[in-house]
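Overview (structure and organization)
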Amino acid sequence: MWRKTINVVMLAMTGIFTLLTVSTLFLILGYLLYYGGRSLDWNFFTKLPLPAGELGGGMANAIVGSVKIVGVAALIGLPVGFLAGVYLSEYEDKAFGPLVRYVADLLNGIPSIVVGILAWSLVAVPMKSFSGLAGAVALAVMLIPIVSRQTEQFLREVPLSLREGALALGASKWRMIATVVVPAGSKGVLTGMILGVARIAGESAPLLFTSFNNQFWGGGITEPTASLPVMIYFRAISAYDDWHRQAWAAGLVLIGMVLTANIMARLVLARGISVPRG
Amino acid sequence: MASSAVLEKPTVRRSTQTGEAIARLVAFLFAASILLITLVLVYKLWEGSALSRHKSGLHFLFSTAWNPVTEDFGALPFVYGTVITSALALLISVPLGLGAAIFLAELAPARISSGLTFLIELLAAIPSVIYGLLALFTLVPLMRLYVEPFLKSTLGFLPLFQGPSYGVGFLTAGIVLSIMTIPYIISVSREALLAVPREQREAALALGATRWETTWQVVVPYARLGIFGSIFLSLARALGETMAVTMVIGNTPQITASLLASGTSIASVIAGEFSEATTPTYQAALVELGLVLFALTILINGAARLMIVATTRKGSKRS
């Protein structure tokens, strides 16, 4: 009898644990919608931040800054990651392929703050200034292993018969890859890219001492650049209620962008494809 | 693949062969860039910490000093904070995550399981600064007003729950980290459990074992390498987690027995002080902390990846 009791109790526990975990997601979203929704207004998207103590202002520069930094990071990281993924899937040889794959996984697991130190010493130190470019390099380094592994996994799912068909028609190998394999796997590859960009868009640790922060519009990519995640951090740990209000608003905007990208990628694009973990 | 045979035919034009070689070389170079980035990272951490390494040597790891004015730096309080918060996180997230993984892999119908797994993967996609924001304004007051007074009044005879408490500290950081690492434990463990062959379950059930006994004594041990892999993976995440920890740990470099006390971690001191570090030695000390964190996570991640590879291989061979 007690064996049956244990059976029921333990099985019920696993269900409760699952519910607990899933409910934290809704708790987080609920809080953000409540506090963020109360604080979000049109000024948030159009105005510059005001000095401490003054009420109002927005984060227009941080939104633009985030787009700039993430855009440049994607310009560097997506092609590199994609081509590395093509190599891993199509050209892999016995010794080098597994090595690259293993190192890519390790690189993916390195704390983002350590990647920040790399970008700081590669870009910010020689340029003698914090810059949006340094932040973009840090994010690109994080993006490359994610995109390469996802590209590889999706290209590998392209059936062998398609490849053989192309080769039988006389296509050379790279023509086969460019005109048959990549288009056939493009949906999945695109999904992986969107997930990767969504992941780096929320990063703040590697930006703290690379792109730093800026209260103004800032010039080009070579100047300190404000970004949404870094703004949330500085606003949240400040001592002003009005800044806390803005941190909530920024949090809602950031989570909205990240979750939209994730849901889009997983539900719309990836219908019928299983999404491998990042 | 069959392509090599096609290419070696004499009828193939020379230009095609050159194009082929170039395409292969380009893809190879980009793949090699991943190795290059990693090597540059190691070199930069080693080079950047040279000043600090030469000055304090191994003493750096065991010293509790942190004084930018006299340039006397030690890593111990930071390593302590990182290890304690990560251990607390695993203490909570391993049972919860493994339980949820068992539910999703063994009990829930496939449809419900994939829906819930989707939600849990969304949890993993939430940026860490958002976790920090929420924890700072919801969990910290909760801890200060209710949880910590309660712990002190009931378990206060233990040195773990003594001393002043302000809501921020090791325990709060550990709880936030546990919430952040659960999704990783669930999704990797779930896959390891799903890779266990059906016959294993059927054999145990046929011998009269209950559903739980089958799961706990047959399925879980069979998938143990993958489960350990998931635990190591989330340990590495917890060790390197920066923003959420920085916002709730209190940022006081001290070593105390009390879990309620405010502390600090390797990642949070780098995040908090790097942009303000003005002297070369100060910067080098922070880079050396980064090197310590890098070494820790590489060791743990390397082991985790090997374990996960080992289980997936085993599973695919038998099913």
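Residue numbers here run from 1 along each chain, matching the order of that chain's written sequence. Note on labels: chains are lettered from A, ligands numbered from 1, in written order. Since the coordinates come from a predicted model, pLDDT governs what is reported: local features require at least 70, and pairs of side-chain atoms require 80 or more to be given and counted, while whole-chain, interface and lining totals use all residues.

Strands are runs of DSSP state E lasting at least two residues, helices are runs of H or I lasting at least four, and both sets are numbered from the N terminus onward. Scanning chain B for helices and strands turns up 14 helices and two strands. A radius of gyration in this sense is built from C-alpha atoms; the matching globule rule multiplies 2.2 Å by the number of residues raised to 0.38. On C-alpha atoms alone, chain B measures out to a radius of gyration of 25 Å, which is more than a quarter above the 20 Å that the 2.2 N^0.38 rule sets for 319 residues. Along the longest, intermediate and shortest principal axes, the C-alpha atoms of chain B span 80 × 60 × 35 Å. Burial is judged by counting the other C-beta atoms within 10 Å of a residue's own C-beta: 20 or more makes it buried, 12 or fewer makes it exposed, and any count in between marks it as partly exposed, with every C-beta position built from the backbone. Counting only residues that meet the buried cut, chain B has 50% of its 319 residues in that class.

What follows covers the overall build of chain A. What chain A contains, in helices and strands, is 10 helices and zero strands. For the C-alpha atoms alone, the extent of chain A along its principal axes is close to 70 × 70 × 30 Å. Considering chain A as a whole, with its 278 residues, one finds that 52% of them fall into the buried category. By the convention adopted here, residues make contact when the C-beta atoms placed from their backbones lie within 7 Å. Here the contacts in chain A between residues at least 6 apart in sequence split such that 73% fall between residues at least 24 apart.

Another aspect to go through is the interface of chain A and chain B. With 74 residues of chain A at the interface, the matching set in chain B holds 71 residues. Here the element with the most residues in the side of chain A that touches chain B is helix α1 (residues 2-39) of chain A; it accounts for 18 residues. Residue polarity is assigned by list, with Asp, Glu, Lys and Arg as charged and Ala, Val, Leu, Ile, Met, Phe, Trp, Tyr, Cys and Pro as nonpolar; anything else, Gly included, falls into the polar class. Looking at the side of chain A that touches chain B residue by residue, the class counts come to 50 nonpolar, 15 polar and nine charged.

We now examine the nonpolar core. Looking at soluble globular proteins, one finds that nonpolar side chains tend to be buried together. Linking buried Ala, Val, Leu, Ile, Met, Phe, Trp, Tyr and Cys residues through C-beta atoms within 7 Å yields a set, and such a set is a nonpolar core. Membership of the largest hydrophobic core comes to 186 residues, with the highest contact counts inside it found for Leu139(A), Val141(A), Leu143(A), Ile232(A), Ala135(B), Val176(B) and Val248(B). In this entry, domain limits derive from an automatic or database-based domain assignment. Counting only domains with at least three residues in this core, you end up with domain 1 (3-48) and domain 2 (58-318) of chain B. Leaving out residues up to four positions away in the same chain, Ile232(A) has contacts with Ala247(A), Ala250(A), Gly251(A), Leu254(A), Val129(B) and Leu133(B).

Moving on: the domain arrangement of chain B. By convention, interface size is frequently given as the accessible area that disappears when the constituent parts associate. Domains assigned within chain B are domain 1 (3-48) and domain 2 (58-318). On a C-alpha basis, the centres of domain 1 of chain B and domain 2 of chain B stand 38 Å from each other.

Residues and elements named next belong to chain B. All axes here are fitted lines through C-alpha atoms, helices being fitted over the stretch that makes contact, and every angle between N-to-C directions spans 0 to 180 degrees. Here helix α6 (residues 110-125) crosses helix α8 (residues 170-194) at 140°, and the two axes come no closer than 9 Å. Considering the angle they form, α6 stands oblique to α8. Handedness of the crossing formed by α6 with α8: left-handed. For the pair formed by α6 and α8, the contact residues are Thr117, Ile120, Glu121, Leu123 and Ala124 on the first element and Pro183, Tyr184, Ile186, Ser187 and Arg190 on the second. Tallied by class, residues from the contact of α6 with α8 come to six nonpolar, two polar and two charged. Here roughly perpendicular refers to angles of 65 to 115 degrees, roughly parallel to angles under 35, roughly antiparallel to angles over 145, and oblique to all remaining angles. What makes a crossing left-handed is the near helix being turned counterclockwise from the far one by less than a right angle; a clockwise turn instead makes it right-handed.

Residue and element names in this part refer to chain A. Located in the positive-phi region is Lys128, a residue other than glycine, with phi close to 55°. Following the sequence through the fold, Lys128 ends up in the loop between α5 (112-127) and α6 (132-156). Among the residues examined, Lys128 registers 7 C-beta atoms within 10 Å and is labelled exposed.

It is worth spelling out the environment of Val158(A) at this point. Residue and element names in this part refer to chain A. Along the polypeptide, Val158 turns up in the loop between α6 and α7 (160-168). Exposure remark for Val158: the 20 C-beta atoms within 10 Å place this residue in the buried category. Residues Val158 and Pro183, spaced 25 residues apart in sequence, show a C-alpha to C-alpha distance of 9.6 Å. If we ignore the near neighbours within four places in the chain, the residues touching Val158 are Val181, Ala184 and Gly185.

Next up on the list: the packing of helix α3 (residues 60-91) of chain A against α6(A). Close contact between α3(A) and α6(A) brings their axes to 6 Å; oriented N to C, the two are set at 35°. When the axes of α3(A) and α6(A) are compared, the crossing they make is right-handed.

Residues and elements named next belong to chain B. To estimate the expected span of a helix, subtract one from its residue number and multiply by 1.5 Å. Between its terminal C-alpha atoms helix α5 (residues 76-107) stretches 45 Å, which fits the 46 Å expected from 32 residues at 1.5 Å a residue. Axes are fitted to the seven residues ending at a residue and to the seven starting at it; the angle between these axes is taken as the bend at that residue. Along α5, the largest kink reaches about 30° and is centred on Ser93; proline Pro95 follows within four residues of it. Among the 32 residues in α5, 24 count as buried, and that is most of the element.

Structurally, Leu45(B) can be placed in helix α2 (residues 14-48). Residues Leu45(B) and Thr210(B), 165 residues apart in the sequence, show an inter-C-alpha distance of 54 Å. Leave out the neighbours within four places in its chain, and Leu45(B) touches Ile117(A), Val287(B), Gly290(B), Leu291(B) and Phe294(B).

With that settled, the discussion passes to the environment of Met59(A). Residue and element names in this part refer to chain A. With respect to the helices and strands, the residue Met59 is situated in the loop between α2 (42-46) and α3. You can call Met59 buried: it has 27 C-beta atoms within 10 Å. Expressed as a C-alpha distance, the spacing of Met59 and Leu29, which sit 30 residues apart in the sequence, is 21 Å. Not counting chain neighbours up to four residues away, the residues in contact with Met59 comprise Phe44, Pro49, Leu228, Met231, Gln246 and Ala250.

Quick look at the confidence of the model for chain B now. In low-pLDDT regions, the fine details of the predicted coordinates are not to be read closely. Residues and elements named next belong to chain B. For every residue, the pLDDT score states the predictor's confidence, bounded by 0 at the bottom and 100 at the top. Residue-level pLDDT values for chain B average 89, and 92% of them are 70 or greater. Throughout residues 1-7 the model reports pLDDT below 50, and contacts reaching past four residues in sequence, or to other chains, amount to eight contacts. Throughout residues 315-319 the model reports pLDDT below 50, and contacts reaching past four residues in sequence, or to other chains, amount to four contacts. This complex was scored by the predictor with a pTM of 0.91 and an ipTM of 0.91.

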